[in-house]
Every structure is written in C-alpha cells, then in structure tokens.
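Tertiary structure, described
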2 protein chains.
Amino acid sequence: MYRVTTPDTTELQNRHAGNRSSALLTDKYELTMLEAALKDGTAHRTCAFEVFTRRLPNERRYGVVAGIPRVLCAIRDFVFTEEQLAELDFLSPETIDYLRNYRFTGDIDGYREGELYFPNSPILTVRGTFAECVILETVVLSILNADSAVASAAARMVTAAAGRSIIEMGSRRTHEYAAVTAARAAYLAGFDATSNLEAAKRYGIPSTGTAAHAWTLLHTHPDGSPDEASAFRAQVEAHGQGTTLLVDTYDITQGVATAIDVAGSELGAVRIDSGDLGVVSRQVRRQLDDLGATNTKIVVSSDLDEFAIAALRSEPVDIFGVGTSVVTGSGAPTAGLVYKLVEVEGQPVSKRARGKESRGGAKGAIRIFRNTGTAIDEVTYPLGGDLPEVGDHSYVQLSIPMVRDGELVGEIPALTESRDYLAQQLVTLPWEGLALTRDEPALSVRHTT
Amino acid sequence: MYRVTTPDTTELQNRHAGNRSSALLTDKYELTMLEAALKDGTAHRTCAFEVFTRRLPNERRYGVVAGIPRVLCAIRDFVFTEEQLAELDFLSPETIDYLRNYRFTGDIDGYREGELYFPNSPILTVRGTFAECVILETVVLSILNADSAVASAAARMVTAAAGRSIIEMGSRRTHEYAAVTAARAAYLAGFDATSNLEAAKRYGIPSTGTAAHAWTLLHTHPDGSPDEASAFRAQVEAHGQGTTLLVDTYDITQGVATAIDVAGSELGAVRIDSGDLGVVSRQVRRQLDDLGATNTKIVVSSDLDEFAIAALRSEPVDIFGVGTSVVTGSGAPTAGLVYKLVEVEGQPVSKRARGKESRGGAKGAIRIFRNTGTAIDEVTYPLGGDLPEVGDHSYVQLSIPMVRDGELVGEIPALTESRDYLAQQLVTLPWEGLALTRDEPALSVRHTT
C-alpha cells in the first residue's frame, strides 16, 4: 500500500510554508498544560489521543479522510526554533528546554488518505507521553478538518456529476493557502483538474483554465463598442481551436454564433457562467449542433454545488466548473473532528459532559463487507489487541500503522493512489449511502469494548 | 492616517510564507489571458479592475473590509522565481519573459482596513496595464474574501457580546494558516485575544488559554478513578490563582466546588464548555457567590455564534470563547467579493450577463453623514475626478491612495489602529444596522455616473 511516489511525497521534502516549523500553529493552552504537567510529573504518563467526529455535518451519509500526509509532515516539522521559543515568555525555563528538544517519538495509527469515515470512526490515534501528544492537537485538527471538509463535499459533487468532468476553480473564495490544499482535497475526491497553479506545482494536479469576462471586455472596436470577435480570435490564435470560449459576456446566442464563426465548428468548448444553466445549456447545445459544432463541449459554472450539479444531470452539460461551494465544504466548512484523550497509562478515560461523551481506550477499526462487496458496518477493537470476530464476512483493516517511535512506517501513498482508493471505497457503500439528501450515516460504528 | 507602527507592518518585512513569492497563488486562466493579450497587443491597454460585492451574505447589514495590508504585501511579493517559471510549460517564451520581469507598477486605491462596506462599494481599485492587473485577481480575492468573511462575522459577535470579553479559539477548525489570519481578522473586529500562538507572534495579538478536558482526564487516583482536584491543584500551582479552571469534565456542580476548594475564592475564572449555557451559567454564578468567589469569572464556550452570544446577554457570563463559527464566517465562509474589469483606456466597460451586471468606470466613494454623525449613504464618483456634491452634510472619503507607480503610499496602519477605526465606524451606522436579523444592507451605494 505505502510505496514511494512523487506528488504527495514532495510535501515531505518541502512543505508549502517553505521548510518552516509548524510548532506555533498551536493553541496556547497546549503549552500551559504542558508546563503544568512538567511541574506535577504527569507529563510523562503514556497517553492515547484519538481524532474522531461525533456527527457528520448536515446529516450527510459519509465523510472522506483527507490531509493525512500533510499531518504526518506537520508532525515531522513540529520543531521549535530559537526565534519561536523567544516568543513564549509565559513559560518557565524548564518548559522552554523541553520544547527546544521536542521531537515526536510516539506512535500513530490511522485511516488511509481517501478512506471513508462515520461518526465515531477512530480516524487517527496518536500515542506517546502526554507532553508529546497534547501539543499536537491544533495542527493535527486544523489540517484534517480543513482537508476532510473539502474532500467530503467534493466527493458528493463527483457523484452528482455522474461521470462528467468536474473542475475545481474556487481559489479566489478561500484563504490563499487553503486554496492550494483545497485543490488537492478536491482532486483526491475525484475532481479532474484545478485552476490553482501552486496546487498544480506542489501536488502534480492537472491544471486548467480558459478566460474571464475581463478578456472579452478588454476588446472593443475603435468607437468603444464591444468586439467579442476580436477577443475570441486572439484566444484561438494563442491557444488553438481546442480552447474554451466564454460566451456570456453580452448575449449568449450571439456569443455562441461569434465563437463558432471565429473558431470554426471544431471549437473545443464554450463556457456559460450565468443564467438558468439548464435552459441555457439546452439552447446552446441546439445552436452548436445546428452550426455543425457537434463536438464542441459545454462547460458550465456559476455557484454550482452538488445539488445544482445533480439538477443538471439530464442537461447537455459536459464539464462542471465548481468554485465557492467546494472550497468552503458546501455548507460545512469544517469537518468537526476533535482530538480527545482516550487512554492514560493503559486505562480508558472519557469525559461525561452532557452531549459530549466519548468512548475511552485506544481503538482500531475494521470495516465488514457482505459477500457482494457492500459494506455492512465498522467495528472497533483495542488498538494492538485482537481483531473482532467477523464470522464468514470479509473485512478491511482501517487502522494502519503510520508512525512508530517517531519514524514514518512505510511510505506516503501518491495522491493519485489515494484518489483511486477513495473511488473504490465509495462503490462499497450501500446504495442509499451516495444519496445527496439528509439522512443517517451510511454505516454505523460499533464498539466491541 | 498611515503612519509607521509595528504589528501589521512586520507582515511587510516577513510574510507568513517565509519571504516566498505569491506568484503561483493564481488561477491558470490569468496567465493564458496574459499570453493571448501579449500576442494580440491588448496587454498594454490601461485598465481598472474593481473589487466589490453584489450582495452581503445571509442578508447581513454590513461587511468589514479586512486583509488590505496582506493584499499589499502579496502584490509586492508577486515575483516569479525561476523555479516557478519552469512549471509554466504551457506558456510561450515571450510570456515567460514577461513574467520573469514582472513587477506591479500601477496604482491602487481602496477602502481602509476595518472600513465598513456594502453591496457595490468600490473596495479596491487596481489600475495599470491589462497584463499587470489581470494576473493579480486570485491572490487579491483570496485574501480579501477570507479575511473579510471572518471580520464581518466577528464584528457581529462583538456587538452581540455587548462589551463583554470575547476570545477567538477556532484554529483547529480551519486550515492551519487560515487560522492565523482568522485570528487577526477577529482581533481587527474587536475580539480581545486569540488562542493561536503564531497569530500572537506575527501580529502582536494578545494570546490566552486555559486547559482542555484532557488535562483533567490525565489526572486519576491510583485506583484509576478521576482526580479532578489534582488537575486543578497542578494548574493553579503552575499558573497561579488567576487561572481559568475547566469545570465540566465530570459533574459541573462538583467541579465548581472542587475548583474553589483547591484554588480559593480568588480563583480567576471557571470555564463551562457544554450543556445549556444559560441555565448552567446561572447555577454556577449562584454557587460561586455562595462559596464567596464573587470575583471569579465565568467563561463559556461550545459552538457559540453571534445568535448564541446574544441569547446569553442577560446571563452572568463574563467571557465568551468562540471557535468554529468565527473562523468559518458564521455561515458565510467567503465574503463573495469579485474583481472585475471596469475601465479600458478610460472607457467604462461592463458585462451584461443576467444577474451579474456591473457598473463600469473606475470609482471612488465617499460616505455621507447627518449632523448627528449617523451615516446616510455612500456615493461613488469617477476616481481622480471631482467629489460628489454633499450640500451641508459632512462626509468621509472612503477611497484612499495606497499604491502609486507600484510603490506604497504612506504606511500601513497598525492592526490596533484599524481595530479602533472599525469600532468608530460601527457607531455611525443607523441603529438598525447593528441588528443581527436578516434585512437590507444598512446603507446603500449610489452611483453618480
């Protein structure tokens, strides 16, 4: 499973912040707890922390694990520089010394990148001393919550697109670096390409792009009146007949006519970015066909989400361009994952606060399947202990060793490999698990302990 | 207005990505448009692009401009390295040469950091050649959309808190670097502190933090049963009586009793992170008072947003801890700002696509006030032209020069200065403008041209 490959492993050599420490991507209370623990001698108790969610946002059926390679890199890069230590003037010299020498030396087990998850799936388990585990909370959760939110929304959009091409173009609607990792998460989930050049460079994702309305508006006749034909002509001359012309700057019907007139009937595609996309795509398809441009594709964009994509399923749309909704998790901009202490010195622990109960003990999980290949449920077991009894059923071990004694075990899979893995998992869901409507999770997680 | 000060200007010397180029935080189509424009000779037409929004998300009354200093830095850092250029194999040698020598040499005018905005407010206007302006679209919008989304939500929470302290602690629920800038945007909007240490270091924001449930769970008696008292004692010993103890790991009433027993009646604060916060805060206040801990404050957290905060206004809550909702823009994770070509060679341009009309021409704006100091509306005017007639009313010029010939004009204001500026603007809104309910924007923007 975990063999060496390039795109995602470049993250390991050169993470996006430029080989910088991730150590201050941390909430202050982690370091004040560390200080108190070093003082009262509890810092070195062996602990297990677990990443899980209590519920799926918006009553979705499943979540997609994303960000695992980025988490492993962030933990490797969790090293305090002297410049950073100088900022931590609220800590004692002893705590500063501990941080100066900090390297994570524990164990990590977790779900594969691209794996499905459900409420209470033990997605990641971090084991080591209290001190070394507690200070990783924020950076681990930030990455997994951001990436899983995007991948979980994106996977639903890919399902809705039903085999048609789907492109991520939402960079402008999210933080400039969140845009880069959002492009990665969308590609993991089955998107075909991204508009984001940094994501293309960093993760080897196919990039794509056509033209903005500004391009058409830039072109005017000497009297100042619009000159769409010049804009289209220049684009075709620069990028060839296979390019995509944006036809809705002025009048769409005129735009399509001009596009084919200029580019010929072998024009690659036209893009429509406004109006009732169902109605317009039918009109444009008819017009293109009448003009002999039967191979010219139709790209639509304009605030598409999984529901809008599904609504266009019967329309002659070839490619969906998705922006805001995918990079913001389509109504669920965070995955709601938490990082909770579940075991101390081999004893399960859990809080009892109302509505926030958790199940103690370091856990692994398996997923059980019918003979038909359809998943039945997930079952947890004590991490390091025996697997649950599955009878005649087949199963997959979901929790795999990722770090031992602070060192990576095996290799990070390539992004394309994780992408294929997710696609394979999605087809194992019970058929209603891929529905877009709100409902119960597609699978439940049973605890055997 | 724009004098030299430290926190926000450190961004200029040392941006968070480590003095890296921002040039690939860009959508591919910007570079393919550039290529076509260089080929057809339109690249050097003088243009104006405007950042504005067509509507406020969720029918809010106002938006808060945030991210301006970060945008100015990103434009300064928009320089292609040879390593980046090597990735752009879809461009001609001429385009690569253009990018190799690229520096923004145009003009930028815009609204101040912390200014209010409304639909069609001309928030930022970027003028120069088509080539130099068009390629900045993505990075400008990413920053402004992310930061303004957080600041706009945060300002409503500050209003709802009605003078009580409010702390940003949402790092774990958003991308690890979006967390840092979200902390900045929340502080700009009036939050008092952040949990995020990188934000504290980079922007000089006060940082704060107490303890997690893990801290309490770590402490057990030799027989494995909970030992909350030891956890509280160790925390008080490490951080003093002024610390905040988290009292809801097991039973809140017992937790409060133990907290005061251990720390004494001068304990700084207790934190409650679950349950019905109104009911519980009243019970806890009564219990604290009965125990003589009349100065011990109550901190509440647990998925608070502006509505939950407002609902707690009559309860004995001293400090609000806000996480997910502020870093995700409380239901509006992006501000929906767009970057549109509005002028070419001095002529206004605008597209006519349905529902996406825009008003051509490079515009500035003023805000007009009654004698009482209450704002009436915003009025635009041709940038560089005469200001609109205001009669007896007073006004403020909203559009100020920020960049001339590629060079910064004046200095970036300190973050605290922008924070004060926003607070001053909020009180100028008509009284219903600060309501949390959905409605029309508090002010409208009139175009005089």
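Residues numbered from 1 in each chain as written. Chains lettered and ligands numbered in written order. Predicted model: local features only at pLDDT ≥ 70, side-chain atom pairs only at ≥ 80, totals over all residues. Heavy atoms only, no water.

If you look at the biggest cluster of nonpolar residues, it comprises 135 residues, and the most contacted ones within it are Leu88(A), Leu99(A), Leu124(A), Trp215(B) and Phe320(B). No other element matches helix α7 (residues 137–161) of chain B, which puts eight residues into this core. Dropping the residues within four chain positions of it, Leu99(A) is found in contact with Leu31(A), Leu34(A), Phe80(A), Leu85(A), Leu88(A), Leu91(A) and Ile135(A). Judged by nonpolar contacts, the second largest core, of 134 residues, contains Ala160(A), Leu277(A), Ala37(B) and Ile143(B). (Core = buried A, V, L, I, M, F, W, Y, C linked by side-chain atoms within 4.5 Å. Buried < 20%, exposed > 50% of the residue type's maximum accessible area, 1.4 Å probe, protein only. Helix = DSSP H or I, 4+ residues; strand = E, 2+ residues; numbered from the N terminus. Contact = heavy atoms within 4.5 Å.)

Working definition: two side chains of opposite charge can pair if their charged atoms are close together. Residues and elements named next belong to chain A. In total, this model carries 51 salt bridges over all chains according to the counting rule given. Put simply, Asp77 and Arg76 hold a salt bridge, and the shortest N to O gap is 2.7 Å. Classification of Arg76 by relative accessible area gives partly exposed; the value is 38%. The residue Arg285 makes a salt bridge to Asp289 at a minimum N-O spacing of 3.0 Å. Remark: Asp289 and Arg285 occur in helix α13 (residues 277–290); sequence separation between them is four residues, near one turn of the helix. (Salt bridge = Lys/Arg side-chain N within 4 Å of Asp/Glu carboxyl O.)

The next thing to look at is unusual backbone geometry. All names here are of chain A. The phi dihedral of Asn120 is positive, around 75 degrees, even though this residue is not glycine. Topologically, Asn120 is positioned in the loop between β4 (116–117) and β5 (124–129). Of note in this structure, Ser330 is not a glycine but carries a positive phi near 45 degrees. One can find Ser330 in the loop between α15 (324–327) and β12 (338–344). Residue classification places Ser330 among the buried residues on the basis of a relative accessible area of 13%.

To continue, consider the environment of Asp40(A). With respect to the element layout, Asp40(A) can be found in helix α2 (residues 28–40). With a relative accessible area of 29%, Asp40(A) lands in the partly exposed category. Separated by 144 residues in sequence, Asp40(A) and Arg184(A) place their C-alpha atoms 43 Å apart. Residues in contact with Asp40(A), not counting those within four places in the same chain, are Trp215(B), His219(B), Ser230(B) and Ala234(B).

The next subject is the domain arrangement of chain A. For chain A, the domain assignment lists domain 1 (7–150 + 332–447) and domain 2 (209–322). Placing a centre on the C-alpha atoms of domain 1 of chain A and another on those of domain 2 of chain A gives a separation of 44 Å. (Domains from an automatic or database assignment.)

Here we come to the relation of the copies chain A and chain B. Between the two copies of this chain, the relationship is a rotation about some axis together with a displacement along it. Expressed as a screw operation, the relation of chain A to chain B combines 0.0 Å of axial shift with a rotation of 180 degrees, fitting to an RMSD of 0.0 Å. The transformation relating the two chain copies, once decomposed into turn and shift, fits a two-fold axis. Comparing contact sets, 99% of the residues at the interface of chain A also lie at the interface in chain B, consistent with an isologous, same-surface contact. (Least-squares fit on C-alpha atoms with pLDDT ≥ 70 in both.)

In this section: α7(B). Residue and element names in this part refer to chain B. Taking 1.5 Å of rise per residue, 25 residues should cover 36 Å, and α7 covers 36 Å from first to last C-alpha, within 8% of that figure. Summarising burial for α7: 23 of the 25 residues are buried, a large majority. Just downstream of α7 lies Ala162, where phi reads positive at about 50 degrees. (Expected span 1.5 Å × (residues − 1).)

Residues and elements named next belong to chain A. Contact pair helix α12 (residues 252–263) / α13: the axes reach a minimum separation of 10 Å and the direction vectors enclose 35 degrees. Regarding α12 and α13, the two cross each other, and that crossing is right-handed. Across the interface between the two elements, Ile252, Thr253, Val256, Ala257 and Ile260 from α12 touch Val280, Val284, Gln287 and Leu288 from α13. Along the lines of polarity and charge, the residues of the contact of α12 with α13 split into seven nonpolar, two polar and no charged. (Axes fitted to C-alpha atoms, helices over the stretch in contact; angles between N-to-C directions. Left-handed = near helix turned anticlockwise from the far one by under 90°. Nonpolar A, V, L, I, M, F, W, Y, C, P; charged D, E, K, R; others polar.)

The next subject is the packing of aromatic side chains. All names here are of chain A. What the rule picks out here adds up to 12 aromatic pairs over all chains. The interplanar angle of 70 degrees and the centroid separation of 5.6 Å between the aromatic rings of Phe78 and Tyr102 together place this pair among those described as edge-to-face. One end of the pair, Phe78, is in the loop between α3 (68–76) and α4 (82–87); the other, Tyr102, is in the loop between α5 (93–100) and β3 (107–110), and 24 residues separate them in sequence. By relative accessible area, which is 0% here, Phe78 ends up buried. (Phe/Tyr/Trp six-rings, centres within 6.5 Å; stacked < 30°, edge-to-face > 60°.)

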